[in-house]
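Take a look at the letters that make up each chain.
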Amino acid sequence: MKQSAELVFIPSPGIGHLVSTVEVAKLLLSRDDRLFITVLIMKFPFNSDPIDAYIESFADSSISQRIKFINLPQQNIETQGNSTINFFNFIDSQQTNVKDVVVKLIGSKTETRLAGFVIDMFCTSMIDVANELGVPTYAFFTSGAAMLGLMFHLQALRDDHNKHCIEFKDSATDLVVPSYSHPLPAATVLPSVFFDKEASNRFVNIAKRLRDVKGIVINTFTELESHALLSLSSDGKLPPVYPVGPILNLKSDDNNDQVNSKQKSDILNWLDDQPPSSVVFLCFGSMGSFSEDQVKEIACALEQGGFRFLWSLRQPPPKGKNGVPSDYADHTGVLPEGFHDRTAGVGKVIGWAPQVAILGHPAVGGFVSHCGWNSTLESLWFGVPVATWPLYAEQQVNAFQLVKELGIAVEIDMSYREEGPVVVTAEKIERGIKELMELDSDIRKRVRQVSDNSKKALMDGGSSYASLGHFIDQI
């Protein structure tokens, strides 16, 4: 790369994917001052995410001259029918808008070469736009390397062996997948989307299209997923893979208008009064919530176990409505009678949580988590062991990887699905948290080692630092 080069980043809608995508962009800009980046933003019509506040945080930064954000024109999204199909159709509807914006961009920057698109894993339809414009496409995969390998494997089963993943629903099949060292219990841990014929085909088509890109940047690091990364790099039929993680926004709480400073200081002051590594933190992501029956089982487990706890408890959206969980006006109605009074000395129930600040606090000794990939990397960065309670998306397979493959998490319930009828019992929850909070466990020691490795990977001479350099050379 001799002259200055422009990359166009296209994250999928939603704050989670936007943040990790922009963190990659920041890494690239900090490594090479010849790079310029434009981020194209798609917003859902009903979006309440703090996207604007996040973008505004770049206004005074040292890279503000080399990163630009463009909001794509608002498109409607179908709210009836299959939500997965509606999601992909919403992204596809932006193809013309993306082409128009990029054509204008090319015309306005005669001194800068358009070096390519960097698309989110869900935006593979934008490969067609890049091809029309004659520029290469790179992909950013926001989950782990093992999950990427699983998607390629399921696509090969469908296209080369006429075996569809919907066949694994309710079966006892153990899938042998190159990116995992243990067989996968398919019915238990495959994402629910793979058990719906139409939606699974759209997902498997992502893997098919990803075979066409020039390289795949992954939010992981070699020391965490050495087996999976080796399986991808030795395949021979796949694009080069660049593990550049862990990519974290450690200031994410500062840009989140759902957490005001008084709430945050109240939470951190409470943690300041707790002994080191004594508090279990329960938090289930921006989309995570539970039925009242399940809430009562969690409360019972915390009370019976006598745990010190910080619990982010959120209200589900109305049944049958598209939406995201929200904070309760008053938790009291969903908790067992007298719960607050009986646990006042040891526990705190909150709404939205400033997760990064909490995980980084020395009082926190364990994390009951939905196992979203961003949350998983954050907990490992801070050396906080996880108890797995996946809800949706690829979280079941992330939980399997953490517990069975890597031995760095304990299981509460690996097969729980948000849409399923199962209520996890208080006894099971209490047992999992008790194991999680053991101070001298082998899991805790392994997590500390992974934490050290995650920091070294990003340093000069580290595996991810080197991998990012190889990606820049490719550009």
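Scroll up for the structure.
This write-up is about the structure you can find in this document. (Residues numbered from 1 in each chain as written. Predicted model: local features only at pLDDT ≥ 70, side-chain atom pairs only at ≥ 80, totals over all residues. Heavy atoms only, no water.)

### A short note on a negative patch on the surface
What counts, and what does not: Surface patches are defined over residues having more than 30% relative accessible area and no salt bridge, joining like charges when they lie within 9 Å and nonpolar side chains (Val, Leu, Ile, Met, Phe, Trp, Tyr) when within 5 Å. A 1.4 Å probe and the Shrake-Rupley method give the accessible areas. Residues count as covered only by the protein chains that appear here. Each salt bridge in this description consists of a side-chain nitrogen of Lys or Arg and a carboxyl oxygen of Asp or Glu lying within 4 Å of one another. Residues counted as positive are Lys and Arg, residues counted as negative are Asp and Glu, and His and the chain ends are not counted. All charge positions are set by atom: Lys at NZ, Arg at CZ, Asp at CG, Glu at CD. Numbered from the N terminus, helices here are DSSP runs of H or I no shorter than four residues, and strands are runs of E no shorter than two.
A cluster of like negative charges, contributed by Glu435, Glu438, Asp440 and Asp442, occupies part of the molecular surface. Positionally, aspartate 442 belongs in helix α17 (residues 442–458).

### Some points on the packing of aromatic side chains
What counts here: Only Phe, Tyr and Trp rings are paired, with Trp represented by its six-membered ring, and only when their centres lie within 6.5 Å; those with planes under 30 degrees apart are stacked, over 60 edge-to-face, the remainder tilted. When accessible area is computed with a 1.4 Å probe and restricted to protein chains, residues below 20% of their type maximum are described as buried, those above 50% as exposed, and intermediate ones as partly exposed. By the criterion adopted, a ring carries a charge over it if an Arg CZ or a Lys NZ lies within 6 Å of its centre and within 35 degrees of its normal.
Evaluated as defined, the whole model comprises 19 aromatic pairs. When the ring of phenylalanine 44 is compared with that of phenylalanine 87, the centres are 6.2 Å apart and the planes differ by 50°; the resulting orientation is tilted. Of this pair, phenylalanine 44 sits in the loop between β2 (35–41) and α2 (51–56) while phenylalanine 87 sits in helix α3 (residues 83–92), and the two are 43 residues apart along the sequence. Among the residues examined, phenylalanine 44 registers a relative accessible area of 15% and is labelled buried. An aromatic cluster of at least three residues, connected via ring pairs, comprises Phe44, Phe87, Phe88, Phe90, Phe122, Phe194 and Phe203. The ring of tryptophan 381 has lysine 455 sitting right over it, with the charged end atom 4.5 Å from the ring centre.

### Details of the pattern of salt bridges
Tallied over the entire structure, the rule returns 14 salt bridges. In this structure, arginine 209 and aspartate 128 form a salt bridge, with 3.0 Å as the shortest nitrogen-oxygen distance. Of this pair, arginine 209 sits in helix α8 (residues 197–210) while aspartate 128 is found in helix α5 (residues 126–133), placing the two residues 81 residues apart along the sequence. With a relative accessible area of 22%, arginine 209 lands in the partly exposed category. For aspartate 128, a relative accessible area of 33% puts it in the partly exposed group. Taking the shortest distance from any N to any O, the salt bridge between lysine 428 and aspartate 413 comes out at 3.2 Å. Taken together, the residues lysine 428 in helix α16 (residues 426–436) and aspartate 413 in the loop between β17 (409–411) and α16 connect sequence positions 15 residues apart. On the accessibility criterion, lysine 428 (29% relative accessible area) is partly exposed. Taken together, the shared-partner salt bridges connect Asp128, Arg209 and Asp212 into one network.

### Here we look at the sheet that holds β2
So the rule is basically this: The criterion for strand pairing is that DSSP finds at least two bridges linking the strands in question. Each axis is a line fitted through C-alpha atoms, taken for helices only over the stretch in contact, and angles between the N-to-C directions span 0 to 180 degrees.
Sheet architecture is open: seven strands sit in the order β3-β2-β1-β4-β5-β8-β9, paired in parallel fashion. Pairing within the sheet leaves two strands with one partner each, and these edge strands are β3 (67–71) and β9 (241–243). Shown here is a sheet whose adjacent strand axes are inclined to one another by a mean of 25°, direction ignored. Of the pairings in the sheet, the one linking strand β4 (residues 113–120) to strand β5 (residues 137–141) comprises four bridges and is parallel in character. The residue of β5 that forms the bridge with isoleucine 119 is alanine 139.

### Topic: helix α4 (residues 95–108)
Our working definition: One fewer than the residue count of a helix, multiplied by 1.5 Å, yields its expected span. Summarising the geometry, the arc corresponds to the directions from the helix axis toward the C-beta atoms. Whether two residues are in contact is decided by their heavy atoms: any pair within 4.5 Å suffices.
Along its 14 residues, α4 runs 20 Å from first to last C-alpha, staying within 8% of the 20 Å computed at 1.5 Å per residue. Restricting attention to buried positions, one finds in α4 the residues Asn97, Val98, Val101, Val102 and Leu105. The arc that holds the buried residues of α4, viewed along the axis, is 125°, so those residues lie on one side. Facing away from the buried side of α4 by more than 90 degrees, the exposed set consists of Thr96, Lys104 and Gly107. On the buried face of α4, the contacting elements are β1 (5–10), β2, β3, β4 and α5.

### As for the packing of α4 against α5
The condition is simple: Crossings are classed by handedness, with left-handed meaning an anticlockwise turn of the near helix from the far one by less than a right angle and right-handed meaning a clockwise turn. When residue character is reported, Ala, Val, Leu, Ile, Met, Phe, Trp, Tyr, Cys and Pro are called nonpolar, Asp, Glu, Lys and Arg charged, and the others, Gly included, polar.
Between α4 and α5, the shortest axis-to-axis distance is 9 Å and the interhelical angle comes to 35°. The two elements α4 and α5 meet at a crossing, and its hand is right-handed. Residue-level inspection shows Gln95, Val98, Lys99, Val102 and Val103 of α4 in contact with α5, the latter providing Met126, Asp128, Val129, Glu132 and Leu133. Partitioned by chemical class, the residues of the contact of α4 with α5 number six nonpolar, one polar and three charged.

Without other data, these values stay purely geometric and don't point to any function.
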